[in-house]
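This is what each chain is made of:
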Amino acid sequence: MSAMLEVVGLDTCYGRTQVLWDIGFSVAEGRTVALIGSNGAGKTTVLNTICGILRPRKGQVIFEGKPITDIPAHHLVGMGLVQVPEGRELFSRMTVMENLELAAYARRDGAVDKDIRGVLERFPVLGKRRLQISGTLSGGEQQMLAIARGLIARPRLLLLDEPSWGLAPMVIDAVFDTIKAIQAEGTTILLVEQNATQALAVADEAYVLEHGRIVLGGTAESVAMNDEVTRVYLGGFNPRGQ
Ligand SMILES: Nc1ncnc2c1ncn2[C@@H]1O[C@H](COP(=O)(O)OP(=O)(O)OP(=O)(O)O)[C@@H](O)[C@H]1O
Ligand SMILES: [Mg+2]
């Protein structure tokens, strides 16, 4: 099976400061790949380079067999490469419904209303709050809205940047249940997380990013069993229980 996403030898800089070195990995269709790493490791920079917000100095991103390194982010959304950004980035003064309608704006087909009804059914809490100003939602509700907005764009590949950030443990469980449901529908996912425990429990494959370099990669089982990963990222506990 050929990969849906191939990342080959990416170097990315901010001005003269290089923060990524030779990043390479692939995501096969229908799989979930986790990218884990501490604060400042370069996780968001990897996602932003993939989805066209940043240009790499070297290397290539190939999506469904097509080099996309020079394609701007808004075109990539139409091709099915959709990011749910770190910090959610909602239009906080607009209502839930307005946020969803804006997400649908780029689509030209007639199924938008049906898709909005679909996500409001999938996230009943958003359905109930569809006229509420999104800045007044709880953190968990805002994350649900950010994911719902991503789904409206009908992703083939969904990039999730720290969906559990700032949420209470029970709410994190609900977010991960949503991720499992999206997985079960066959959507391919690249998941960036500091919460390695949850990420390794849902992923098929995983990569560890340290100081802008991939230092380890393989099946999520093998990464979770690595002694260094268990000690540094999992607090000594292997979430897959193997
Ligand atoms: N716009 C920017 N300009 C300059 N340096 C930046 C910029 N954004 C990020 N960096 C630097 O690049 C490095 C990687 O940052 P990045 O945000 O990709 O890390 P991260 O793994 O996503 O961290 P976090 O877990 O805190 O979100 C850090 O050293 C950061 O300070
Ligand atoms: Mg980040």
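Please read all numbers here as calculations on a predicted model, not as lab measurements.

Caption draft 1: Summary view of the coordination of the magnesium ion (ligand 2). Looking at the magnesium ion (ligand 2), the protein donor atoms are Thr44 (OG1) and Glu86 (OE), and they sit 2.0 to 2.2 Å from it. Taken as a pair, Thr44 in helix 1 (residues 43-50) and Glu86 in the loop between strand 6 (81-84) and helix 3 (96-104) lie far apart in primary sequence, 42 residues in all.

Caption draft 2: Highlighting the domain arrangement of the chain. By the assigned domains, the chain splits into domain 1 (1-80 + 155-242) and domain 2 (90-154). Computed from C-alpha coordinates alone, the two centres of domain 1 and domain 2 are separated by 24 Å. Tallying the contact residues gives 16 residues for domain 1 and 11 residues for domain 2. Across the domain 1 to domain 2 interface the summed buried area is about 980 Å²; carbon plus sulfur atoms make up 72%. A per-residue breakdown of the area domain 1 buries against domain 2 is headed by Pro155, Thr178 and Ile182, which together make up 39% of the total. At the boundary of domain 1 with domain 2, the tally comes to 1 salt bridge. Close ionic contact of Arg122 with Glu185 constitutes a salt bridge, the shortest N to O distance being 2.9 Å. Connecting domain 1 to domain 2 are 1 residue pair in polar contact (both at pLDDT 80 or more). Looking at the side of domain 1 that touches domain 2, the elements that each hand over two or more residues are strand 7 (157-161) and helix 7 (169-184). The class makeup of the residues in the side of domain 1 that touches domain 2 is 11 nonpolar, 2 polar and 3 charged.

Caption draft 3: Structural view of helix 1. Taking burial as the measure, the 8 residues of helix 1 include 7 buried ones, the bulk of the element. Lys43, Thr45, Val46, Leu47, Asn48, Thr49 and Ile50 are the residues of helix 1 that are buried. Phi turns positive one or two residues past the end of helix 1, at Gly52, with a value near 85 degrees.

Caption draft 4: Up close: the sheet that holds strand 5 (residues 66-67). Spatially, 4 strands are ordered 2-1-4-5 in an open sheet, and the strand pairing comes out antiparallel. Across the chains shown, the open sheet's two edge strands, defined by having one partner strand only, are strand 2 (17-28) and strand 5. In this structure, strand 4 (residues 58-63) lies alongside strand 5, joined through 2 bridges in antiparallel fashion. Residue pairing for strand 5: Phe63 is matched across the bridge by Lys66. Across the face of the sheet, helix 1 comes into contact with strand 1 (3-14), strand 2 and strand 4 while running at roughly 65 degrees to strand 2.

Conventions we followed
- Residues numbered from 1 in each chain as written.
- Chains lettered and ligands numbered in written order.
- Predicted model: local features only at pLDDT ≥ 70, side-chain atom pairs only at ≥ 80, totals over all residues.
- Heavy atoms only, no water.
- Donors = N, O, S within 2.8 Å, 3.2 Å for Na, K, Ca; no water.
- Helix = DSSP H or I, 4+ residues; strand = E, 2+ residues; numbered from the N terminus.
- Domains from an automatic or database assignment.
- Contact = heavy atoms within 4.5 Å.
- Buried area = accessible area lost by both parts, 1.4 Å probe.
- Salt bridge = Lys/Arg side-chain N within 4 Å of Asp/Glu carboxyl O.
- Polar contact = N/O pair within 3.5 Å; in protein donor to acceptor, adjacent residues only side chain to side chain.
- Nonpolar A, V, L, I, M, F, W, Y, C, P; charged D, E, K, R; others polar.
- Buried < 20%, exposed > 50% of the residue type's maximum accessible area, 1.4 Å probe, protein only.
- Pairing = 2+ DSSP bridges.
- Axes fitted to C-alpha atoms, helices over the stretch in contact; angles between N-to-C directions.

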